[in-house]
Amino acid sequence: MSKPVVAVPADTKTFGEIVWHAAQQQYVGAALDVAGVMSFIIPAFPEGNDIDAILDRVDGLLVTGAISNVAPALYGKTAEDKDGPFDPGRDANTLPLIRGAVERGLPLLAICRGIQELNVALGGTLVSEVHEVDGRMDHREPDDGNRDEKFVIRQSVRIAEGSCLAGVIGAGNIKVNSLHRQAISDLAPSLAVEAVAPDGTVEAVSVIGAKSFAVGVQWHPEYWAKSDTPSRKIFEAFGAAVREYQAAQKG
Ligand SMILES: N[C@@H](CCC(=O)NCCCC(=O)O)C(=O)O
């Protein structure tokens, strides 16, 4: 059987006068090298894409992290300067792709911005600058250091007993590399909390009653997917679900 394919919604990037639709190596590389799945990068057209035409042709959905933030208007809030930068082209595609994937039972792995999009797509809300909220930690990316140093595995999260992730990496405390300014505020009704940070920030969710693997994580398992056991297991579980879905589609 040919290698399965997952849709990866692109970010909009502008270099000079040229607009690019791009996905980062760390995500598509981990998808291929650890999950064993190919990535088809989906253009971030602000007018959207034919969602069914995409989902009819893939075996999973991988929603990556990104510097940009989900537009507050998409979860009923008025945007302030601190809520940016924005990527309306990405928002226009990730949210319908997530809804379609959940409806179809397509395997889904949503990372960082991806878990935030998952929550918004299913009716939840976000909080910006979560470090400014009383009682919350500073979850932001460090200002200094190279990328490996910024993505070092250092924060504790607690994986909930009986959760989907507990079945993949075990319940209890693990160390992760969680770097974010926004966070889940109101949890979408169809999501279950899978992991929390010591300050109560939601760090992972799963879709209740999902027909397949449908998990969002606020941290970055893609970054050390080859060397960090929990990170690797998350990508391996996603890949296994994608292959199972592919086989079922072939009949
Ligand atoms: N913008 C959101 C989501 C953060 C996120 O996805 N970060 C990924 C790392 C960015 C990078 O690739 O450098 C937030 O800030 O909460």
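Residues numbered from 1 in each chain as written. Predicted model: local features only at pLDDT ≥ 70, side-chain atom pairs only at ≥ 80, totals over all residues. Heavy atoms only, no water.

Worth spelling out the cut-off: UniProt positions are given in the numbering used here, feature names are shortened, and annotations may be inferred rather than shown by experiment.
The protein chain goes by gamma-glutamyl-gamma-aminobutyrate hydrolase in an unreviewed UniProt entry, where it is assigned to Martelella endophytica. UniProt annotates the protein chain under Catalytic activity (unreviewed entry) with the comment "4-(gamma-L-glutamylamino)butanoate + H2O = 4-aminobutanoate + L-glutamate". UniProt, in the comment section headed Pathway (unreviewed entry), describes the protein chain in these words: "Amine and polyamine degradation; putrescine degradation; 4-aminobutanoate from putrescine: step 4/4."

Thoughts on the site of the ligand
Which entries qualify depends on this criterion: Consider each residue's heavy atoms; a residue with any of them within 4 Å of a molecule or strand counts as near. Side-chain atoms alone can form a polar contact between residues adjacent in sequence; in general such a contact is a pair of N or O atoms within 3.5 Å, and within protein one must be able to donate a hydrogen while the other accepts it. For the accessible areas, the method is Shrake-Rupley and the probe is 1.4 Å, while residue cover comes only from the protein chains on display. In the scheme used here, Gly and all other residues not listed as nonpolar or charged are polar, with Ala, Val, Leu, Ile, Met, Phe, Trp, Tyr, Cys and Pro taken as nonpolar and Asp, Glu, Lys and Arg as charged.
Neighbouring the ligand are 16 residues; A66, N69, C112, R147 and Q182 lie closest to it. Backbone polar atom of A66 to an oxygen atom of the ligand: 2.8 Å apart, as the coordinates give it. Here a nitrogen atom of the ligand sits 2.9 Å away from a polar atom, N or O, in the main chain of S68. Burial of the ligand by the protein chains amounts to 95% of its free accessible area of 420 Å². A per-class count over the shell around the ligand returns four nonpolar, eight polar and four charged.

Looking at the packing of helix α3 (residues 88-104) against helix α4 (residues 113-121)
What counts here: Think of each axis as a best-fit line through the C-alpha atoms, taken over the contacting stretch in the case of a helix, with angles from 0 to 180 degrees between the N-to-C directions. Runs of H or I in DSSP of at least four residues are treated as helices and runs of E of at least two as strands, each being numbered from the N terminus. Any angle that falls under 35 degrees is termed roughly parallel, while one over 145 is termed roughly antiparallel, one within 65 to 115 roughly perpendicular, and all others oblique. Should the near helix be turned counterclockwise from the far one by less than a right angle, the crossing is left-handed, whereas a clockwise turn marks it as right-handed. Here, two residues are considered to be in contact whenever any of their heavy atoms come within 4.5 Å of each other.
Running from amino to carboxyl end, α3 crosses α4 at an angle of 65°, the nearest separation of the two axes being 9 Å. Relative to α4, α3 is oriented roughly perpendicular. When the axes of α3 and α4 are compared, the crossing they make is right-handed. The residues of α4 that touch α3, namely those facing R90, D91, T94, L95, I98 and R99, are R113, G114, E117, L118, V120 and A121. For the contact of α3 with α4, the residue count by class is five nonpolar, two polar and five charged.

Thoughts on α3
Heads up, the condition is: A helix is expected to span 1.5 Å for every residue after the first.
Look at α3: 25 Å from first C-alpha to last across 17 residues, which is about the 24 Å you get at 1.5 Å a residue. Immediately beyond the C-terminal end of α3, within one or two residues, lies G105, with a positive phi of roughly 75°.

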